[in-house]
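Coordinates in review
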Amino acid sequence: MTMPLYTERIRLRAPEPDDVDEMWLFENDETFWENGPATGPYSRYQLKRYIAENQNDLFADGQLRLMIELNTGKTAGIIDLFAFEARSLRAEVGIVVKAECRHQGIASEALRLLERHCFDILGIHQLYAYIRTDNTASLRLFEKQGYTCSGTLKDWIRTGSGYKNVCLMQKTHTG
C-alpha cells in the first residue's frame, strides 16, 4: 500500500528540471556549508545533470532528494536522505527550509512525511542526523519528532570560527 507524500499544506516530490534555480540557491548558500561536507559551489549544469541522471530511488542512487512544496506551488525547501547503508537499512537526513517558511511547522510536516515513507514503504530501520549543538532550532525539530541524542561528537565540524560539536540524533523504527 502506498502512502501519500503530502498533507493539506505541503507535498514532497522529486526534483524537476524547473527546480534547478531553487536548488542552485540552496546548494550555493554559504551559510549552510558549515553544516555539511560542501567545499564549494555547484553549477546549474551539475544540478541539471543530477536531476536528469538520478533515478530518485534510495536503493539505486544511495540517496533520495525531495522538494518540499507548499500547496500554493511554491518551493519551501528540500529534504534529503543520503549516506544510505543498505545492509543496516539506515540513512542520514538533511533538511533545509527557506527563511520565510521557517517557524511554521513545515519542516516538522516534511520530516514526518519522509519518516513515514522510509519506515512504512522503504523498510528503513533507522534515520539519523548530525546537528550542531548550537543549532537549537534543528535540535528541537528532531527532538519533537522522537529523535534522541545518542552522543556528542567533539570538534566534529570545522567552521570559520573554529570547531563545533555535533549531536548524533537517531530514530529507530519500532514497528
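See the structure printed just above.
This structure is a prediction, so every number in the text was calculated from the model and none was measured.

**Focus on the pattern of salt bridges**
Summed over all chains, the structure comprises eleven salt bridges. We note a salt bridge from Asp19 to Arg13, for which the minimum N-O separation is 2.7 Å. This pair shows no difference in class: Asp19 is buried, exactly as Arg13 is.

**What to know about the side chain of Glu92**
Inspection of the secondary structure puts Glu92 in strand S4 (residues 90-97). The buried charged residue Glu92 lacks any salt bridge, with Arg90 as its nearest oppositely charged partner at 9.0 Å.

**Notes on unusual backbone geometry**
Most of the time, phi is negative for any residue but glycine, and the peptide bond is trans. You will see that Asn56, though not glycine, has its phi angle at about 55 degrees, which is positive. One can find Asn56 in the loop between helix H3 (44-53) and helix H4 (58-61). Residue Ala83 is not a glycine yet carries a positive backbone phi of 50 degrees. Note that Ala83 resides in strand S3 (residues 75-85).

**A short note on the packing of aromatic side chains**
For the coordinates displayed, the defined rule picks out four aromatic pairs. Between Tyr128 and Tyr130, the ring centres sit 5.8 Å apart and the planes meet at 85 degrees, which makes this aromatic pair edge-to-face. Judged by relative accessible area, which is 31%, Tyr130 ranks as partly exposed. On the numbers, 4.9 Å between centres and 85 degrees between planes, the contact of Phe142 with Tyr147 is edge-to-face. Here Phe142 matches Tyr147 in class, with each residue buried.

**Some words on the state of the cysteines**
Under the definition given, this model contains one disulfide. Here Cys149 is linked by a disulfide to Cys167, with a sulfur-sulfur distance of 1.9 Å. Note that Cys149 is positioned in strand S6 (residues 148-159) and Cys167 in strand S7 (residues 162-172), a separation of 18 residues in sequence. Judged by its relative accessible area of 5%, Cys167 is buried. With no disulfide of its own, Cys118 lies 20 Å from the sulfur of Cys167, the closest cysteine sulfur.

**Notes on helix H1 (residues 20-27)**
The periodicity of an α-helix, 3.6 residues per turn, causes residues three or four positions apart to be oriented the same way. Along H1, the residues classified as buried are Val20, Met23, Phe26 and Glu27. When H1 is viewed along its axis, its buried side chains cluster within an angular range of 125 degrees and face the same direction. Elements in contact with the buried residues of H1: helix H2 (30-33), H3, strand S2 (64-70), S3 and S4.

Rules used throughout
- Residues numbered from 1 in each chain as written.
- Predicted model: local features only at pLDDT ≥ 70, side-chain atom pairs only at ≥ 80, totals over all residues.
- Heavy atoms only, no water.
- Salt bridge = Lys/Arg side-chain N within 4 Å of Asp/Glu carboxyl O.
- Buried < 20%, exposed > 50% of the residue type's maximum accessible area, 1.4 Å probe, protein only.
- Helix = DSSP H or I, 4+ residues; strand = E, 2+ residues; numbered from the N terminus.
- Lys, Arg positive; Asp, Glu negative; His and termini not counted.
- Phe/Tyr/Trp six-rings, centres within 6.5 Å; stacked < 30°, edge-to-face > 60°.
- Disulfide = S-S within 2.5 Å.
- Arc of directions from axis to C-beta.
- Contact = heavy atoms within 4.5 Å.

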